[in-house]
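Residue-level listing of the chains:
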Amino acid sequence: MAYNHHVPIETLDAFLLTRSWHDHRDGLRLVFWCASERGPVRLRLTQQEAVMFVERHIPSEAGRRKPLELTSFFGRPVDALYFDTQRELARERERIRDTLGWTLEGDIKPDERFLMERFVTGALRVRGEARERCGVLEFENPKVEASDYSPRLSMLAFDLETDGFDGPLLSIAAAGAGGERVWMRDDTGHRDRVSRVGEGPGQLTYLPDEAALLRAFIAHVTAVDPDVLCGWNVVEFDLSYLERRCAQLGVPLTLGRDGQRAKVLPARNEQQPPIARVEGRVVLDGIATLRSATFSFESFRLEDVAQELLGRGKKIHHDGDALTEIRRLFAEDKPALAAYNLEDCRLVLGIFAAADLLGFAVQRQALTGLPLGRQGGSVAAFDYLYLPRLHRHGHVAPDVGRAGDAESSPGGYVMDSEPGLFDNVLVLDFKSLYPSIIRTFAIDPMGLAFPGDDPLPGFEGGSFARSRHILPEIIETLWAARDEAKVRGDAARSRVIKILMNSFYGVLGTPGCRFFSPKLASSITCRGHEIITESRSFIEARGLRVIYGDTDSLFVLLGPGPDEAACRSAGTELAAALNDFWRTKLRRELRLESHLEVQYETHYLRFLMPTMRGSDKGSKKRYAGLSRRRDGELGVVVKGLEAVRTDWTPLARRFQRELFHRVFVDAPFHDWMRELAASVRAGELDAELVYKKRLRRKVEQYEKNVPPHVQAAKKLGRPVREVHYVMTVRGPEPTELPHAALDYDHYLDRQLAPAADAILPFLGTDFASIAGTQLQLF
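Fair warning: this is a prediction, and the values are worked out from it, not measured in the lab.

**Q** Please provide a residue-by-residue account of helix α18 (residues 670-681), values included.
**A** Between the first and last C-alpha of α18 there are 17 Å, a value that for 12 residues agrees with the 16 Å anticipated at 1.5 Å per step. Taken residue by residue, α18 has W672, M673, L676, A677, S679 and V680 as its buried positions. The arc enclosing the buried residues of α18, seen along the axis, measures out at 160°, which places them on a common side. For α18, exposure combined with an orientation more than 90 degrees from the buried face picks out D671 and E675. Buried residues along α18 sit in contact with α17 (650-664), α20 (744-756) and α21 (767-771). Taken from the residues just after α18, G683 is the one with a positive phi, measuring 75°.

Set out below in structure tokens:
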């Protein structure tokens with residue numbers, strides 16, 4: 001590469017923030033924004049070519065064609081087709097698909113291909129001509145390679161207060177990078193006055209109208225120049241609202257670096273969220289990032305998550321009608337509204353810190369190549385890891401949809417359970433079963449396409465190469481990296497790796513994956529079935545009973561007699577014996593090294609396996625047990641039953657957990673149940689009788705068989721995502737409105753009775769006999 005000696009040549013490590021491409025008069029242009037120790041960095045690469053592949057026998061009418069020493073998954077030779085623009089590539093791709101067959105990797109975006117072929121996921125090293133302009137270091141057509149740079153990203157949280165979703169803007173708050181600020185609309189003489197927000201350092205500025213608020217906030221973002229913008233429901237509400245309001249008021253929403261306008265791209269379907277495009281900055285939504293990191297909360301409202309993670313909540317409280325209170329504060333106490341607005345930003349920053357969400361997002365990009373702000377994307381992450389390695393093995397992949405039909409594979413094996421109330425049940429768990437199956441049995445797309453002369457048997461007619469494969473090596477590397485992360489105490493990296501490894505089965509089992517084949521997914525799940533059933537036979541041959549099994553776990557009954565120490569010793573010994581069994585079996589029968597790892601996980605001193613409702617058969621994925629916690633205290637563990645279901649009332653959940661505990665420790669419960677039922681009828685527990693449920697669709701989309709929570713939501717007369725309601729003598733009614741007297745018979749019969757009768761029949765009784773009101777004949 002020839003350099004202009006008047007422009008310095010620099011080498012710099014940076015971390016990728018945003019990526020984009022567009023067709024330009026000079027050819028395809030790629031733009032990458034990065035964060036570095038020297039501030040924001042922009043890389044421009046022009047005169048790039050878009051590329052896809054076709055099998056050599058397929059003719060083309062456009063593009064520059066070049067033979068390659070690569071083959072398709074059918075073993076046929078492949079040519080590359082190069083285009084000056086992505087638009088030309090798309091035209092030729094569709095023509096070939098419509099008339100001749102399929103292209104290969106014709107659906108890879110050019111910016112993603114550029115990065116993945118250089119193994120750049122998050123950190124990169126750039127070398128080239130550098131110019132500084134307006135605080136941004138710019139590189140034109142530099143060399144780019146992967147690096148191990150760890151970024152320090154600046155973050156700004158913001159939050160809006162509005163008069164409803166479509167009403168006027170009242171205030172904007174921001175916290176984090178640049179300090180704490182609130183801009184409040186006020187046309188009553190306070191305009192342009194600056195004061196403090198409460199006792200803290202926050203600054204409150206009064207401005208005369210909405211346009212002034214918007215311009216002040218945009219100017220603040222530009223001046224502070226954060227790498228990350230964050231908030232709560234920030235894309236679907238805050239950014240979407242700002243985009244609409246700015247358009248209505250003629251204010252450019254230039255939140256991007258270099259004055260670029262922010263955009264919200266609408267969701268493609270109900271399952272996918274809208275996407276924020278803010279050039280040079282990442283947008284992280286607190287709710288979506290928590291979900292991606294597999295955090296689970298009863299409610300993802302900011303108040304509820306903050307209380308659970310931080311032990312504090314919002315500045316003001318209301319009886320379900322936040323908008324009325326916000327309107328009142330705006331009219332009567334603007335400083336209080338400013339404090340409320342700013343506290344939401346503080347809560348968001350606190351949650352991000354407590355859950356290390358930024359660290360999680362950085363580690364996820366570093367491991368998968370997925371953009372920092374992208375949610376989901378397991379299939380894209382698989383492509384990012386797999387495709388460049390596939391090319392180095394001499395092959396190219398099919399387009400999405402080419403890999404095969406959409407036959408489904410069987411899911412995880414769930415054994416029929418033995419219902420009852422048991423003493424001393426051990427749980428043995430196969431650590432990361434599906435990833436360990438992939439690694440042990442060499443499950444791999446390339447290995448399936450080219451199994452070689454000494455293949456390993458799979459299922460559904462599939463077989464796999466013993467040594468020439470990719471996915472098992474990826475898992476081996478990730479496995480070692482997770483062990484290292486655990487040793488270092490890097491919880492974010494460990495969490496990302498676990499999620500990534502566990503996603504591989506799901507990716508290979510979806511038609512949205514370019515490598516989809518029932519032979520791949522079935523060779524994982526059916527092997528899992530085989531492992532669980534043969535493990536059960538091994539355990540029962542030792543004289544023990546297996547009362548349940550679920551995907552990767554076995555529940556082994558020891559029965560009354562042994563103490564806790566003896567049970568722990570038995571569990572450890574049994575896990576070691578099962579590991580030896582699989583090592584020996586696989587070495588002898590398949591000449592394989594076993595990466596299966598059985599762990600003794602839990603000892604339940606008492607264990608309940610309930611029946612399915614209306615049946616004497618044991619349930620599946622529903623059980624409860626008494627185990628000793630790490631702090632030495634006994635605690636009740638509940639899976640799948642009412643006590644852990646958020647669509648049941650708080651009272652039913654508390655009641656069932658307490659009942660289980662009393663039964664498990666042989667404490668009396670008859671009088672307690674009668675007293676609780678009497679308290680319900682006396683109206684003393686009404687606060688715990690509120691149902692809470694999210695609406696998956698708009699209210700008007702429910703036409704037939706309208707469920708109770710939708711009936712309650714319709715009575716509100718406004719759109720809601722989550723409805724809180726009670727069951728009254730007139731049916732379901734929202735708690736935000738005055739409602740009729742509660743139907744206590746409903747709660748006793750439909751909430752407490754089912755919760756109790758999961759366990760009481762094993763004791764020869766039921767809820768109605770103990771706490772009901774019917775006449776007892778005997």
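**Q** Could you give an account of the environment of D23, with specific residues and numbers?
**A** Within the secondary structure, D23 sits in strand β1 (residues 9-24). With 25 residues separating them in the primary sequence, D23 and Q48 have C-alpha atoms 9.9 Å apart. A distance of 3.1 Å separates a polar atom in the side chain of D23 from the backbone nitrogen of R87.

**Q** An account of the side chain of R514 is requested, with residue identities and associated values reported.
**A** Within the secondary structure, R514 sits in the loop between α14 (491-508) and α15 (518-541). For R514, a relative accessible area of 3% corresponds to the buried category. At a separation of 3.0 Å, a polar atom in the side chain of R514 contacts the side chain of D107. Separated by 3.1 Å, the side chains of R514 and D383 make a polar contact.

**Q** Would you mind going over the sheet that holds strand β19 (residues 420-430) in detail, with residue names and values included?
**A** Overall, antiparallel pairing links the 6 strands, which are arranged β22-β23-β19-β24-β25-β26 in an open sheet. Edge positions in the sheet fall to β22 (545-550) and β26 (634-639), since each has one partner strand and no second. Going from strand to strand, the sheet's axes swing by 35° on average, the running direction of each strand aside. Where β19 lies against strand β23 (residues 553-557), 5 bridges are found, and the strand directions are antiparallel. Its bridge partner being in β23, L428 is matched across the sheet by L554. With respect to the sheet, α15 is in contact with β19, β22 and β23, its orientation differing from that of β23 by roughly 20°. In this fold α17 packs onto β19, β24 (598-609), β25 (623-628) and β26, with an angle of close to 125° to the strand it touches most, β26.

**Q** Now, about unusual backbone geometry: what can you tell me, with residues and values included?
**A** Backbone geometry places N141, a non-glycine residue, at a positive phi of 50°. If you trace the backbone, N141 turns up in the loop between β8 (136-140) and β9 (143-146). Phi is positive for N424, close to 55°, though the residue is something other than glycine. Looking at where N424 falls in the secondary structure, it is placed in strand β19.

**Q** Which residues make up the pattern of salt bridges, and what values do they have?
**A** Using the criterion set out here, one finds 64 salt bridges in the structure. D258 is paired through a salt bridge with R42; the nearest N and O atoms lie 3.0 Å apart. Residue D258 is found in the loop between α4 (234-249) and β16 (263-265), and its partner R42 is found in strand β3 (residues 39-48); the two are separated by 216 residues along the sequence. The partly exposed category is assigned to D258, whose relative accessible area is 39%. In this structure R42 comes out as buried when scored by relative accessible area, which is 5%. E138 is paired through a salt bridge with R44; the nearest N and O atoms lie 3.6 Å apart. Of the two residues, E138 sits in strand β8 while R44 sits in strand β3, which places them 94 residues apart along the sequence. By relative accessible area, R44 is classed as buried at 17%. Three or more residues joined by partner-sharing salt bridges are found here, namely R42, R44, R133, E138, E140 and D258.

**Q** How would you explain the packing of α15 against helix α16 (residues 564-590) if you had to name every residue and give the values?
**A** Look at α15 against α16: their axes get within 11 Å of each other, and the N-to-C directions meet at 120°. Put simply, α15 runs oblique to α16. Judged by the twist between their axes, the crossing of α15 over α16 is right-handed. Every residue of α16 that contacts α15 at E530, I531, E534, S535, F538 and I539 is listed here: L574, A577, L578, F581, W582 and K585.

**Q** Account for the sheet that holds strand β4 (residues 50-55), with residues named and values stated.
**A** An order of β4-β6-β5 is seen for the 3 strands of this open sheet, with the pairing classed as antiparallel. The open sheet is flanked by β4 and β5 (64-71), the only strands paired with a single partner. Put simply, the sheet's adjacent strands are angled 30° from each other on average, direction ignored.

**Q** Mind laying out the environment of I443, listing which residues take part and the relevant values?
**A** Mapping I443 onto the fold places it in the loop between α11 (433-440) and α12 (445-449). Those residues in contact with I443, other than ones at most four positions away along the chain, are I437, I438, F464, L471, P472, L520, S523 and I524.

**Q** Report on the packing of aromatic side chains, specifying residues and quantitative values.
**A** Summed over the entire model, instances satisfying the criterion amount to 27 aromatic pairs. Note on F581 and W582: the rings are 5.2 Å apart at their centroids and 75° apart in plane angle, and the pair reads as edge-to-face. For F581, a relative accessible area of 24% corresponds to the partly exposed category. Relative to F767, the ring of F655 has its centre 6.1 Å away and its plane inclined at 85°; by these criteria the two rings are edge-to-face.

Calculation rules
- Residues numbered from 1 in each chain as written.
- Predicted model: local features only at pLDDT ≥ 70, side-chain atom pairs only at ≥ 80, totals over all residues.
- Heavy atoms only, no water.
- Helix = DSSP H or I, 4+ residues; strand = E, 2+ residues; numbered from the N terminus.
- Expected span 1.5 Å × (residues − 1).
- Buried < 20%, exposed > 50% of the residue type's maximum accessible area, 1.4 Å probe, protein only.
- Arc of directions from axis to C-beta.
- Contact = heavy atoms within 4.5 Å.
- Polar contact = N/O pair within 3.5 Å; in protein donor to acceptor, adjacent residues only side chain to side chain.
- Pairing = 2+ DSSP bridges.
- Axes fitted to C-alpha atoms, helices over the stretch in contact; angles between N-to-C directions.
- Salt bridge = Lys/Arg side-chain N within 4 Å of Asp/Glu carboxyl O.
- Parallel < 35°, antiparallel > 145°, perpendicular 65-115°, else oblique.
- Left-handed = near helix turned anticlockwise from the far one by under 90°.
- Phe/Tyr/Trp six-rings, centres within 6.5 Å; stacked < 30°, edge-to-face > 60°.

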